Amino acid sequence: MAWTGQVKTLLDAREFAKLLLDESGDLFWTQTEQTALACEANRAVFRELVATNPEYFIADEDGPFTWAKDTEYVSLNTASFLGANILPYKIIGVEDTEKASAVARDNRPRKWKPMRFQDRNMISNTAESLYGDLGRYYVVVRNRMYVSPIPEKALNVHIYWIPHIADISNDDHVLLSVTGDPPIAGNAPTNGAAEEFGDLVGVYLAKLMNSKQQGQNQTIEQLWTEGVARMNNNAQLRNVDEPMSVRVTRGPWE
C-alpha cells in the first residue's frame, strides 16, 4: 500500500516519518520498532489533543446508570456502569436526571461539580446545615467515583467520558481513534474527527526515531513544536459559525 500523501493510518505514519528522516527502507529502524514507536506517538498526540479540546473523543453516553441510594461510591469498571474492565482516560461531565431515560426537554440534566477527595466530608456537612439543595459533587479515585452529599434516593446518572486510546499494530489501523478496537481504514465505525492531525503522529514518530540518532535532525523538533502550536490554535473549537468578537467601525468602508 503506497503512501497517498495524507497521514491517516499506521502505515502512513511510518512512511511519513521515514521520509522526514531520509530513510528509504527499514534498515536503521526495523518495522517492529517503527510500529512500537508509532503506537506511543499516537498516544502522545492523543494526550495533547485531549488537553486542547476533549470534544474530539467523548464517548457515546450509554446511560443513565443507576446510583443506589445511601451509596458513597461506585466502581466504574463494572457492567452496571462503563463496562467490565473499562476505565476512563478522562471524565468530561456527570449529570443526573429525574427520569431513567435520555436527556430531553422534560427530563433536564442537573450537572455535578468536581471536588477534591479530601473535601467529601466538608461538602456533606455543609449540605446538611443548609436549607436548600447544594447540588452533587464527584471525584474519580482509581476505579471508583465518589459522590457528596451521599444520595438519599437512587439517582439516574449520565457520565460523559473519554476512553483510553487503543493500541495500533496493523498497517490499516486508523490513527487517533478511540472507537473500541483499532478501526480499519474504510470500515465503520471510526472516529475520524481528528483526522487532520494525523501528520502530527508521523512527526512525533520521527521525533522518537530521531532519538536513536541522538537527535541529529533538529528540523524534527521544530516541526513538532510548530505542529503542536497549530493544533492548539485550530482545535479549540470545531464550530466557527459565530464570530468570537465584534469590531466596531465608524463606517462600512473602515
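Residues numbered from 1 in each chain as written. Predicted model: local features only at pLDDT ≥ 70, side-chain atom pairs only at ≥ 80, totals over all residues. Heavy atoms only, no water.

Engineer: Looking at this structure, I do not really get the overall build of the protein. What am I missing?
Structural biologist: Helix and strand counts for the protein stand at five helices and eight strands. Ordered by position from the N terminus, the helices and strands of the protein form the series α-α-β-β-β-β-β-α-β-β-β-α-α. Counting every position in the protein, which comprises 254 residues, the buried fraction comes to 41%. Contacts in the protein between residues far apart in sequence, at least 24 positions, make up 66% of those at least 6 positions apart. For the protein, the computed accessible surface area is about 14900 Å², with 49% contributed by carbon and sulfur atoms. (Helix = DSSP H or I, 4+ residues; strand = E, 2+ residues; numbered from the N terminus. Buried < 20%, exposed > 50% of the residue type's maximum accessible area, 1.4 Å probe, protein only. Contact = heavy atoms within 4.5 Å. Areas by Shrake-Rupley, 256 points an atom, 1.4 Å probe, with all protein chains shown as cover.)

Engineer: How should I be thinking about the pattern of salt bridges in this particular structure?
Structural biologist: In total, this model carries twelve salt bridges according to the counting rule given. The salt bridge partner of Glu72 is Arg120, with a shortest N-O separation of 2.8 Å. Here the residue Glu72 occupies a position in the loop between strand E1 (65-67) and strand E2 (73-75), and Arg120 occupies one in helix H3 (residues 120-129), the gap between them amounting to 48 residues. Lys99 serves as the salt-bridge partner of Asp106, at 3.3 Å between the closest nitrogen and oxygen. (Salt bridge = Lys/Arg side-chain N within 4 Å of Asp/Glu carboxyl O.)

Engineer: What is the right way to read the sheet that holds strand E4 (residues 110-111) from this model?
Structural biologist: Strand pairing in a sheet is mediated by backbone hydrogen bonds. Such pairs are either parallel or antiparallel. Taken in spatial order, the four strands make up an open sheet running E1-E8-E3-E4, and their pairing is antiparallel. Looking at strand neighbours, the two that pair on one side only are E1 and E4, the edges of this open sheet. The sheet contact formed by strand E3 (residues 88-97) and strand E8 (residues 155-163) spans eight bridges and is antiparallel. Counterpart to Ile91 in the pairing with E8 is Trp161. Of the strands in this sheet, E3 and E8 touch helix H2 (residues 31-52), which is tilted by about 35° from E3. (Pairing = 2+ DSSP bridges. Axes fitted to C-alpha atoms, helices over the stretch in contact; angles between N-to-C directions.)

Engineer: Got a minute to help me understand the sheet that holds strand E7 (residues 144-148) in this structure?
Structural biologist: The mixed open sheet is built from four strands, whose spatial order is E2-E7-E6-E5. Two strands lie at the open edges of the sheet, namely E2 and strand E5 (113-114), each paired on one side alone.

Engineer: I would appreciate a short explanation of the nonpolar core in the present structure.
Structural biologist: It is characteristic of soluble globular proteins that their nonpolar side chains tend to be buried jointly. One finds Phe46, Leu49, Tyr56, Phe57, Leu176 and Phe197 to be the most contacted residues of the largest nonpolar core, which totals 38 residues. Broken down by secondary-structure element, the contributors of at least two residues to this core are helix H1 (10-20), H2, helix H4 (198-210) and helix H5 (218-234). Within the second largest apolar cluster, 17 residues are counted, among which are Phe65, Tyr138, Leu155 and Ile159. (Core = buried A, V, L, I, M, F, W, Y, C linked by side-chain atoms within 4.5 Å.)

Engineer: How do you make sense of unusual backbone geometry when you look at a structure like this?
Structural biologist: It is generally the case that most residues other than glycine have a negative phi and that most peptide bonds are trans. Ser148 connects to Pro149 through a cis peptide bond whose omega is -5°. Within the secondary structure, Pro149 is located in the loop between E7 and E8. Look at Asp70: it is not a glycine, yet its phi comes out positive at around 60°. Along the chain, Asp70 turns up in the loop between E1 and E2. Owing to a relative accessible area of 58%, Asp70 belongs among the exposed residues under this scheme. Residues other than glycine seldom take positive phi values, yet Leu176 does so here, at roughly 50°. Inspection of the secondary structure puts Leu176 in the loop between E8 and H4.

Engineer: Honestly, H4 in this entry has me stumped. Any pointers?
Structural biologist: The periodicity of an α-helix, 3.6 residues per turn, causes residues three or four places apart in sequence to face the same way. Taking 1.5 Å of rise per residue, 13 residues should cover 18 Å, and H4 covers 19 Å from first to last C-alpha, within 8% of that figure. Here H4 lies mainly inside the structure; eleven of its 13 residues are buried. Taken residue by residue, H4 has Gly198, Leu200, Val201, Gly202, Val203, Tyr204, Leu205, Ala206, Lys207, Met209 and Asn210 as its buried positions. Taken together, the buried residues of H4 touch H1, H2 and H5. (Expected span 1.5 Å × (residues − 1).)

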